[in-house]
Amino acid sequence: SRHGLPPSQAMKLLSLALCATTAAGTVYFEEKFADKSWEKRWVPSEWKGDEAGKWSHTAGEWFSEGMEAEATGIATTDDMRHHTISAKMDKAAATTAKPLVVQFSVKHEKKDY
């Protein structure tokens, strides 16, 4: 090979590079709730009126030492309430050629009712 790699190793590297590029998808929307600016992007629904719960920006009651910033998100604050919230996407998602994957993380903290 002109680049100093045996042909079989060069093919393996090329195959890995192609797999990495085909596995990558388009991110249409991402929210990390890193600071209070999330309140400008997210809109609580008024659908349930007085029965609607409030949202809080918090790391919760537990998180790994030194990882509070990474653990911060939004949390429901009122028990036994309806919690609804939405945000506009930066760009429209197209689902004609590929499936749309929606992914989110949830941290449940035990509450006794």
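Residues numbered from 1 in each chain as written. Predicted model: local features only at pLDDT ≥ 70, side-chain atom pairs only at ≥ 80, totals over all residues. Heavy atoms only, no water.

Along the chain, the regular secondary structure elements total three helices and four strands. Element order for the chain, N to C, with α for helix and β for strand: α-α-β-β-α-β-β. Within the chain, residue pairs in contact and separated by at least 24 positions form 62% of the contacts whose partners lie at least 6 positions apart. When the accessible surface of the chain is summed, it comes to about 10100 Å², and 55% of that surface belongs to carbon and sulfur atoms. (Helix = DSSP H or I, 4+ residues; strand = E, 2+ residues; numbered from the N terminus. Contact = heavy atoms within 4.5 Å. Areas by Shrake-Rupley, 256 points an atom, 1.4 Å probe, with all protein chains shown as cover.)

With glycine set apart, most residues show a phi of negative sign, and most peptide bonds adopt trans. Of note in this structure, F33 is not a glycine but carries a positive phi near 50°. One non-glycine residue, M80, lies in the positive phi region at around 60°. Secondary-structure assignment places M80 in the loop between β3 (73-76) and β4 (85-87).

This part covers a nonpolar patch on the surface. A cluster of nonpolar residues, L100, V102, F104 and V106, forms a patch on the protein surface that exposes about 460 Å² of accessible area. Within the secondary structure layout, F104 lies in the segment after β4. Residue F104 is classed as exposed on the basis of its relative accessible area, which comes to 67%. (Patch = residues over 30% accessible without salt bridge, like charges linked within 9 Å, V, L, I, M, F, W, Y side chains within 5 Å. Salt bridge = Lys/Arg side-chain N within 4 Å of Asp/Glu carboxyl O. Buried < 20%, exposed > 50% of the residue type's maximum accessible area, 1.4 Å probe, protein only.)

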